[in-house]
Amino acid sequence: MPRYQRPTGTLDVLPEDQPYWDYVLTRARRLAELCGFERIDVPVFEVTELFARGVGEGTDIVDKEMYSFQDKGGHSITLRPEFTAGVIRAYIENGMQVRTQPVKLYTYGPIFRYERPQAGRFRQHTQFNVEILGEQDPLADLEVMLLAWDLYAGLGFQELAFQLNSTGCPQCKPGYVEVLRAYYVAHADRICDDCRRRLERSPLRVLDCKAEVCQPVIAEAPHIMDYLCTECEAHFARLREYLDLLGRRYVINHRLVRGLDYYTKTVFEVWAAGIGAQSAVCGGGRYDGLAELLGGPPTPGVGFGSGLERIVMAMKYFGVQVPPLPSPTVFVAHLGPQAGPEAVRLAYALRGAEIGTWIAFGQRGLKSQLREASKRGVRYAVILGEQELVSGMAIVRDMESGEQTQVPVAGVVEWVRERTHAA
RNA sequence: GUGGGUGUGGCCUAAGGGUUAAGGCACCUGGUUGUGGCCCAGGAGAUUGUGGGUUCGAAUCCCACCACUCACCCCA
């Protein structure tokens, strides 16, 4: 028989890691709901066309990272490589533009990108995602950013700061791109081959180039800040004003250009330590033209996606403690064939009273059963044997003190409830 | 897609080419008849990632593939 392994770049989240996931997700949901975000779930796959148009032909994600396949009906289907396109599709398809605007939505689930895995990067990862649809006020940009900030701050991240930039809009971006292109053409002898290619397909990406040779050219490159139209400039200024007022640290990063084509105006990332060469735990921005591009009514939007795996990695790096997940407090041990049915009855009575309970399987010695109880970490072990059946009194053993109490079998549920619910 | 590192029981690690691959953790069972954690004893568990090759002999050397890992690219 072959030994099966998980596919490259996928992860098993084992029970011992679940407390981290649960903690993060619970907090994220809570924060989102406090701001009025409502949960939405969209399919894990969509027609390929949606992502090709939404994310943009020519982006790395669309060109080489999508999990696409033909289904039995001959349709090209793609496992979602990001959330926004699907959420916008759902907004349009369900006529959500008639709801009170803006519509605030959050979701989370698996995202798929065919990449070479490394520290903090996977082929299937999990994102927590929020979107505010139908609002152009920079206050909306602020709100999603603060949500991310508060989440990480609450999780114990240190030295938080936003990486912030504006990518302009259809009014001003093309003008800047021309200026940038002209600048690069003038310095064509001092840039790398990749950048020569980027200049054709996605010119803004040259600013993101890591090649040694390109650094001096990038450093001297014109900033989009100086080419924003008055609307984009005002929008960005308002956002900064809010952030300053609230004391949320950010650094203007002229080189921050994101890998998805749909962004307009605000783009931002949050970086964290402890996740290898990958530093972004969160990336997002505004995408005012996307809904229209996907065939819907003109609908401005802002949002972000945040990688759960990276958040958990950063938490471990920062040494953040998380509370354990609930586990049973009682273990029912039983001796002899007569005691079995009574033990089952008792276990289900306890469970029926919302008291987590393990019951011993098989016919084993008491030693073995208590050993298991000890390892399960329960607070009480109930012992039911022939003697207890005769007397009608079960033995309840406090696993920490070793103290044993005789309790009427019919009163065990109440006895345990008093002791556990009080504390 | 490119480059580096690694690959021994569930986990960690040993075995400088030579007898039945060793140890620790974890797991199971016992240490008298119905009592956990500590201690003691015992047990189960590995075709040494896979396939070739070199050799009288390979976990040890060589090649290929696979996987993991780190980095580039890109991003969450």
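Cut-off values and rules
- Residues numbered from 1 in each chain as written.
- Chains lettered and ligands numbered in written order.
- Predicted model: local features only at pLDDT ≥ 70, side-chain atom pairs only at ≥ 80, totals over all residues.
- Heavy atoms only, no water.
- Helix = DSSP H or I, 4+ residues; strand = E, 2+ residues; numbered from the N terminus.
- Expected span 1.5 Å × (residues − 1).
- Buried < 20%, exposed > 50% of the residue type's maximum accessible area, 1.4 Å probe, protein only.
- Polar contact = N/O pair within 3.5 Å; in protein donor to acceptor, adjacent residues only side chain to side chain.
- Near = heavy atom within 4 Å.
- Nonpolar A, V, L, I, M, F, W, Y, C, P; charged D, E, K, R; others polar.
- Pairing = 2+ DSSP bridges.
- Core = buried A, V, L, I, M, F, W, Y, C linked by side-chain atoms within 4.5 Å.
- Contact = heavy atoms within 4.5 Å.

## Structural notes on helix α5 (residues 138-154)
Helical geometry: 3.6 residues make up each α-helical turn, so side chains three or four residues apart lie on a common side. Over its 17 residues, α5 extends 24 Å from the first C-alpha to the last, a length consistent with the 24 Å expected when each residue adds 1.5 Å. With 12 of 17 residues buried, α5 lies mostly within the body of the structure. All of the buried residues along α5 are Pro-138, Ala-140, Asp-141, Leu-142, Val-144, Met-145, Leu-146, Leu-147, Ala-148, Trp-149, Leu-151 and Tyr-152. For α5, the capping residue at the N-terminal end is Asp-137, with a side-chain oxygen 2.7 Å from the backbone nitrogen of Leu-139. Phi for Gly-156, located one or two positions after α5, is positive at around 95°.

## Observations regarding the protein's contact with RNA strand B
Neighbouring residues of RNA strand B: 50 residues in total, closest Arg-121, Arg-198, Arg-205, Gly-259 and Met-399. Within 4 Å of the protein, the atoms of RNA strand B are drawn from sugar and phosphate moieties in a proportion of 53%. In this structure, a sugar or linking oxygen belonging to RNA strand B sits 3.4 Å away from a main-chain N or O atom of Val-281. Here Ser-374 contributes a side-chain N or O atom positioned 3.4 Å from a base nitrogen of RNA strand B. Elements with a contribution of two residues or more to the surface near RNA strand B: β6 (124-133), β10 (280-286), β11 (301-307), α13 (366-376), α14 (386-391) and β15 (393-398). Broken down by element, the residue count for the surface near RNA strand B peaks at 7 residues, all from α13. Per-class residue counts for the surface near RNA strand B are 13 nonpolar, 18 polar and 19 charged.

## Some words on the pairing of β11
Where burial is concerned, most of β11 is hidden: 7 out of the 7 residues are buried. By the alternation rule, side chains of β11 split into Gly-301, Gly-303, Gly-305 and Gly-307 and Val-302, Phe-304 and Ser-306, which are all buried. Direction of pairing for β6 relative to β11: antiparallel, over a ladder of 7 bridges. The partner of Gln-127 across the bridge, within β11, is Gly-307.

## Thoughts on the nonpolar core
Phe-128, Val-144, Tyr-152, Phe-157, Tyr-184, Phe-304 and Met-315 are the most contacted members of the largest nonpolar core, which totals 74 residues. At 10 residues, the largest contribution of residues to this core is made by α5. Ignoring any residue separated from it by four or fewer positions in sequence, one finds Phe-128 in contact with Ala-28, Arg-29, Ala-32, Tyr-106, Thr-107, Tyr-108, Phe-304, Gly-305, Ser-306 and Leu-308. Residues Ile-61, Val-62, Tyr-91 and Tyr-263 belong to the second largest nonpolar core, which totals 30 residues.

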